[in-house]
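Chain residues, written in single-letter form:
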Amino acid sequence: MTQALARRSWGPSDLLVGNASLLWLAPGLVAVAILFVWPIVQLVIVSLNVAPGTISPYVNVLSEPIYLRVISNTAVSALGTTIVCLLIGYPTAYAIHVLPSPWRLIVLSAVLFSYAVGTMPRAFSWIVLLGDRGLVNQALMRAFDLSEPFEMLYNQRGVLIGMTHVMLPFMVLTLLGAMARVPAGLVPAARTLGASAFRAFGLVFLPMTMPGVLAGMMMTFVYSLGFFVVPAVLGGAGQTTVVMILRDLTLGLGRWAIASALSITVIVICVFGAAIYVSLTRLGEIEEH
Amino acid sequence: MRSSSGHSAGGATVEVSELGKAYRSVVALRDATLSIRAGEFVSLLGASGSGKSTLLKLIAGLERVTSGRILLGGIDATGLPSERRGIGMVFQDYALFPTMTVEGNIAFPLRTRGIRGEDSRRRIARVAEMLGLEALLSRRPSQLSGGQQQRVAIARAIVFEPQILLLDEPLSALDKNLREQTKGELKALHARLGVTIVYVTHDQSEALAMSNRIAVMDHGCIVDVDTPRKLYARPRSRFIAQFLGHANLLPVTVLERSAAACIVEFAWGRLPIRIENVALEPGAGKGARGLAVVRPEHLRIVDATLGGGPHCVTTTVSQALYNGSETIYRATCRASGQSLTLMDKRPGSRSLEIGDEVLAEVDPAHLVVVPDDRGAA
């Protein structure tokens, strides 16, 4: 028997099993190490490497109200975007889910089409639409007989509209994936058991799509924290985000230590926030099912 | 009409008349008329695409009716949404709710009816005991075996004591032994609850074993409705004869027809057949052609050396399939060259070899003649 084992030579099939499968992770691990881990390590080094006798940039970040304001601006915009995306995205995804096949493809293409246009042209397009004399305001003023335009530019509303526009396809696609995994027979079964269409949706369909809702919210929120163009173009001074202040600190003022400290602070907040979210919503467990 | 005995919910009548369903240009069901008595167990038996599942879905209210009417318990339910039909339904894949425990699943139809608290717990405990689910109530459907899931699906469908229970191929996902056992359990459950059951299946042995009556379906039509015994022993058409069990179909010509019997000529001789076993049109007299239906178990194997009587066909064995409790032989009729199937059910009888000459004795009492409607719609 040992002979038989010994004779068995190494073959290509060994690449598919056991520890050898780690080999397939190697390119990804190398890329992450070089492009993600190393820059963060550098950030940490820069943020800690201060001349003796000077105040740590972390103390600066946490004591200076402007930085906390900016962090909270960013979080508020991201949270608002997440909620609006969910409120618009769930009905949209559900409509696409239940549409008959030719329409389904058409509406899905319409959602995906916005991917084809970059964030920059979209943000500037909103200026045309949302301005005081833009299309939206003209329509609103005429429809409701307003004398004053409804301000939607250079404030939180503009930022929310622009960011929702960018993030909505991500939310819709995530939800659509979760809806596609709901077995088709469950809602009819609930109906035969006495549930109205509305209750069957609430008691059976919605809980089945909760993993998608939680994952979609998580993704939208985290992604929204890193927005730069949309708040810069559509927001006002009150909507300054972390990314915008980082740009000023580094490229404008050359204050790399404090910029690094701010970055690390935001990363730590994000990681803790995500961990609490995952454990509160039991996202990990649900995905295992 | 709920009885107070607790375990018996009683049954309601199900009547469908000239029911039709078309999906765009495809007709899935046409002119289905069927009247099911309260407490009856009726199977809809047919191959896939025969319209049996469509008929069940229409009764359940899961599909919109194209034409015709549905009466449940005498009340017109044609346009009623599913949740207001008061039916229990067990789906082929059970359709248990994965986000709920077994208890949550069984409680679901009670919850939608506003039954809560002690009343709900009492009902759940009763069906759980009935179906042996007491130990599984806190589990998730994903932690159950196929047989357990099926019992949860049944529990969920009967816990609110519906008067009509619809079952869509509930045994098809189970393995063979469990299927056999569950047949008996379902029949016992039917007797205990007294509920009207409409049971969809493509498995004739399930339909024959459990039903009070079987509606045989083909190409969107109900072909025949009768008791399992009558359908099997006295089929009225070639389709029914071939669809239920195995049938040797032997071409015959009518020689004489009287009020009591019909004398028909086979390739090897002539035999009288009781008139109630003749399904030919009343006008089909002398010279009319038909098919004699001979079940394999009614072809008795006789030792060729003993010589044959008038009911004996001389055949040559071409294949032997030993099956434990019986042996199935294929044999070629010497007179017509037609291949016949014979079943030897006598345990321990000597086996026949291929090429052996054998006499098959036809039992005239079990002979049935049906029209040769091949090619007819």
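Structure: above.
Conventions adopted
Residues numbered from 1 in each chain as written. Chains lettered and ligands numbered in written order. Predicted model: local features only at pLDDT ≥ 70, side-chain atom pairs only at ≥ 80, totals over all residues. Heavy atoms only, no water. Contact = heavy atoms within 4.5 Å. Buried area = accessible area lost by both parts, 1.4 Å probe. Salt bridge = Lys/Arg side-chain N within 4 Å of Asp/Glu carboxyl O. Polar contact = N/O pair within 3.5 Å; in protein donor to acceptor, adjacent residues only side chain to side chain. Helix = DSSP H or I, 4+ residues; strand = E, 2+ residues; numbered from the N terminus. Nonpolar A, V, L, I, M, F, W, Y, C, P; charged D, E, K, R; others polar. Buried < 20%, exposed > 50% of the residue type's maximum accessible area, 1.4 Å probe, protein only. Pairing = 2+ DSSP bridges. Axes fitted to C-alpha atoms, helices over the stretch in contact; angles between N-to-C directions. 1 Å grid on protein atoms, 1.4 Å probe; cavity = no way out; pocket = protein on both sides within 12 Å on 5 of 7 lines; lining within 4 Å. Points joined across faces, edges and corners; volume = space filled by probe spheres on them. Phe/Tyr/Trp six-rings, centres within 6.5 Å; stacked < 30°, edge-to-face > 60°.

Bring the parts together and some accessible area is lost; that lost area is often taken as the interface size. At the junction of the two partners, chain A supplies 18 residues and chain B supplies 23 residues. For the pair chain A and chain B, the summed buried surface comes to about 1,700 Å²; carbon and sulfur atoms form 68% of the total. Considering only the surface of chain A that becomes buried against chain B, T192(A), L193(A) and L203(A) emerge as the three largest contributors, covering 39% of it. For the salt bridge of E83(B) with R191(A), the shortest nitrogen-to-oxygen distance reads 2.8 Å. Seen at the junction of chain A and chain B, the total is three residue pairs in polar contact (both at pLDDT 80 or more). Contributing elements (two or more residues each) for the side of chain A that touches chain B: α9 (186-192) and α10 (197-225) of chain A. A class-by-class count of the residues in the side of chain A that touches chain B yields 11 nonpolar, five polar and two charged.

Residues and elements named next belong to chain B. Residue E18 is not a glycine yet carries a positive backbone phi of 45°. Along the chain, E18 turns up in strand β1 (residues 14-23). With a relative accessible area of 53%, E18 lands in the exposed category. One non-glycine residue, Y94, adopts positive backbone phi at about 70°.

Turning our attention to the environment of S47(A). Residues and elements named next belong to chain A. Inspection of the secondary structure puts S47 in helix α2 (residues 22-48). As a C-alpha pair, S47 and L262 span 215 residues in sequence and 8.7 Å in three-dimensional space. Apart from the residues within four sequence positions on either side, S47 is in contact with P57, Y58, A257, S260, A261 and I264. Separated by 2.8 Å, the side chain of S47 and the backbone oxygen of V44 make a polar contact.

Moving on to the sheet that holds strand β10 (residues 221-226) of chain B. Residue and element names in this part refer to chain B. Pairing is mixed across the open sheet formed by six strands, whose spatial order is β6-β7-β8-β3-β9-β10. The sheet is open, and its two borders are formed by β6 (87-90) and β10, each paired with just one other strand. Pairs of neighbouring strands in the sheet enclose a mean axial angle of 20°, with direction left out of account. The sheet contact formed by strand β9 (residues 213-218) and β10 spans five bridges and is antiparallel. Following the sheet pairing, I214 is matched in β10 by D226.

In this section: the environment of E151(A). All names here are of chain A. Topologically, E151 is positioned in the loop between α7 (135-144) and α8 (156-180). Under the relative-accessibility criterion, E151 is labelled partly exposed at 48%. Expressed as a C-alpha distance, the spacing of E151 and S224, which sit 73 residues apart in the sequence, is 23 Å. Ignoring anything within four residues of it in the chain, the contact list for E151 reads D132 and R157.

On to empty space enclosed by the protein. In the structure shown here, the tally under the stated rule is two cavities of 30 Å³ or more. Tallied by class, residues from the lining of the second largest cavity come to seven nonpolar, two polar and no charged.

All names here are of chain B. If you walk through the whole model with that rule in mind, you get 19 salt bridges over all chains. One salt bridge connects K183 with E180, and the closest N-O pair in it is separated by 3.2 Å. Taken together, the residues span about one helical turn, with K183 and E180 both in helix α5 (residues 176-193) at a distance of three residues. Owing to a relative accessible area of 40%, E180 belongs among the partly exposed residues under this scheme. D224 serves as the salt-bridge partner of R236, at 2.9 Å between the closest nitrogen and oxygen. Taken as a pair, R236 in the loop between α7 (228-233) and α8 (238-243) and D224 in strand β10 lie far apart in primary sequence, 12 residues in all. Overall, R236 belongs to the partly exposed group, its relative accessible area being 44%. Each of R37, E40 and R213 takes part in salt bridges that share partners, so that together they form one network.

As a further point, take the packing of aromatic side chains. Taken as a whole, this structure holds nine aromatic pairs over all chains when the rule is applied. With a centroid separation of 5.7 Å and 20° between ring planes, the pair formed by F201(A) and F205(A) is classed as stacked. Of this pair, F201(A) and F205(A) both sit in helix α10, four residues apart, which is roughly one turn of the helix. Each ring, one from F97(B) and one from F108(B), has its centre 4.7 Å from the other, and the planes form 55°; the classification is tilted. Residue F97(B) is found in the loop between β6 and α2 (102-111), and its partner F108(B) is found in helix α2; the two are separated by 11 residues along the sequence. F97(B) sits in the buried class, given a relative accessible area of 0%. You can call F108(B) buried: its relative accessible area is 0%.

Right, let's talk about the environment of A184(A) for a bit. All names here are of chain A. Relative to the assigned elements, A184 resides in the loop between α8 and α9. Classification of A184 as exposed rests on a relative accessible area of 73%. Linking A184 and F205, residues 21 residues apart in sequence, is a C-alpha distance of 9.9 Å.

Moving on to the pairing of strand β11 (residues 248-257) of chain B. All names here are of chain B. One ladder, built from six bridges, connects β11 with strand β14 (residues 289-294); its direction is antiparallel. By the bridge assignment for β14, L249 is matched with V293. Here β11 pairs with strand β12 (residues 261-265) via four bridges, running antiparallel. The residue of β12 that forms the bridge with T253 is E265. The turn linking β11 back onto β12 is made up of three residues.

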